[in-house]
Amino acid sequence: VPVTPETSSGKVTSLSSTLQVATATCHSAVYHEFLEETRKYPDLLVAYNAGIWGYQEWETTIRYLAGQQDHHQQHQQPKSPIPFVITAYTLSECQEDYQVISQATAGCPTKVLWSPEANPFGSKIVRQTRSSTHEYRENACWQAWLLGGTCETTPKEQP
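In this text the structure is predicted, and so the values were computed from the model without any measurement. (Residues numbered from 1 in each chain as written. Predicted model: local features only at pLDDT ≥ 70, side-chain atom pairs only at ≥ 80, totals over all residues. Heavy atoms only, no water.)

**Some remarks on the packing of helix α2 (residues 31–38) against helix α3 (residues 57–66)**
For the pair α2 and α3, interaxial distance at closest approach is 8 Å and the crossing angle is 40°. In terms of orientation, α2 lies oblique with respect to α3. Counted together, Y31, H32, L35 and E36 of α2 and E57, T60, T61, Y64 and L65 of α3 form the full contact between these two elements. (Axes fitted to C-alpha atoms, helices over the stretch in contact; angles between N-to-C directions. Helix = DSSP H or I, 4+ residues; strand = E, 2+ residues; numbered from the N terminus. Parallel < 35°, antiparallel > 145°, perpendicular 65-115°, else oblique. Contact = heavy atoms within 4.5 Å.)

Spelled out as structure tokens, the structure:
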């Protein structure tokens, strides 16, 4: 689903055919807070060049998604695990994202669908940057997880 000014302003874009239906929405919020508020859980999550390794908020959101059964038990709404695909500019960033996700989901039922690797659908165009000599490409690498279930423990806060 292409992101356009219409979708980034909160409007909904739907695509459908005889075989599939998809709806994309865009909201300005930390994702786990959006989920707590709306109780609308996705069938699939895709985080493009998310930089999970660089934003502490991602740990809370990932933990929330990994422990979604804990949250749904309050409302008796069992939910299937959610496939979560994450892309990154480089393999190194993708591997750092993997480490953060592994730590955030410790004690929760998760499954690695595929480990960090080159994304065959990633851009072949080098992204111009001023602060690095590394080559960055949009969505160059990716990984996928299956998140969801009941978590055993809550990870300790790091100073």
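**Observations concerning the packing of aromatic side chains**
Within the structure shown, the criterion is met by six aromatic pairs. Relative to F34, the ring of Y31 lies with its centre 5.9 Å away and its plane at 25°, an arrangement referred to as stacked. Here Y31 and its partner F34 are both found in helix α2, three residues apart, which amounts to about one turn of the helix. Exposure remark for Y31: the relative accessible area of 25% places this residue in the partly exposed category. Aromatic side chains F121 and W142 sit 5.8 Å apart centroid to centroid with 75° between the ring planes, which places their arrangement in the edge-to-face category. Of this pair, F121 sits in the loop between β5 (110–118) and β6 (141–147) while W142 sits in strand β6; the two residues are 21 residues apart in sequence, bridging distant segments of the chain. With a relative accessible area of 69%, F121 lands in the exposed category. By relative accessible area, W142 is classed as buried at 15%. Among the aromatic residues, ring-to-ring pairing joins W114, F121 and W142 into one connected group. (Phe/Tyr/Trp six-rings, centres within 6.5 Å; stacked < 30°, edge-to-face > 60°. Buried < 20%, exposed > 50% of the residue type's maximum accessible area, 1.4 Å probe, protein only.)

**Focus: a nonpolar patch on the surface**
A grouping of L44, V46 and Y48 is seen on the molecular surface, where their side chains present a nonpolar patch of about 320 Å² in accessible area. Within the secondary structure layout, V46 lies in strand β3 (residues 45–47). According to the relative accessible area criterion, V46 is partly exposed, its value standing at 36%. (Patch = residues over 30% accessible without salt bridge, like charges linked within 9 Å, V, L, I, M, F, W, Y side chains within 5 Å. Areas by Shrake-Rupley, 256 points an atom, 1.4 Å probe, with all protein chains shown as cover. Salt bridge = Lys/Arg side-chain N within 4 Å of Asp/Glu carboxyl O.)

**Examining the sheet that holds β6**
Sheet architecture is open: four strands sit in the order β3-β4-β6-β5, paired in mixed fashion. One side of each edge strand has no neighbouring strand; the edge strands of this open sheet are β3 and β5. Here the average twist between neighbouring strands, direction ignored, is 10°. Relative to β6, strand β4 (residues 82–88) runs antiparallel, the two being bridged by seven bridges. By the bridge assignment for β6, T87 is matched with W142. (Pairing = 2+ DSSP bridges.)

**Comments concerning the side chain of H32**
The residue H32 is located in helix α2 in this model. A polar atom in the side chain of H32 sits 2.7 Å from the side chain of T61. (Polar contact = N/O pair within 3.5 Å; in protein donor to acceptor, adjacent residues only side chain to side chain.)

**Digging into the environment of V30**
Relative to the helices and strands, V30 is located in the loop between β2 (21–24) and α2. It is 7.8 Å that separates the C-alpha atoms of V30 and T61, two residues lying 31 residues apart in sequence. Here V30 is in contact with E57 and T61, once residues within four sequence places are set aside.

**Digging into the nonpolar core**
The biggest cluster of nonpolar side chains holds 20 residues, and the ones touching the most others in it are I52, I62, F84, I101 and L147. Broken down by secondary-structure element, the contributors of at least two residues to this core are α2, β3, α3, β4, α5 (91–104) and β6. The dominant element in this core, judged by the number of residues it contributes, is α3, at four residues. (Core = buried A, V, L, I, M, F, W, Y, C linked by side-chain atoms within 4.5 Å.)

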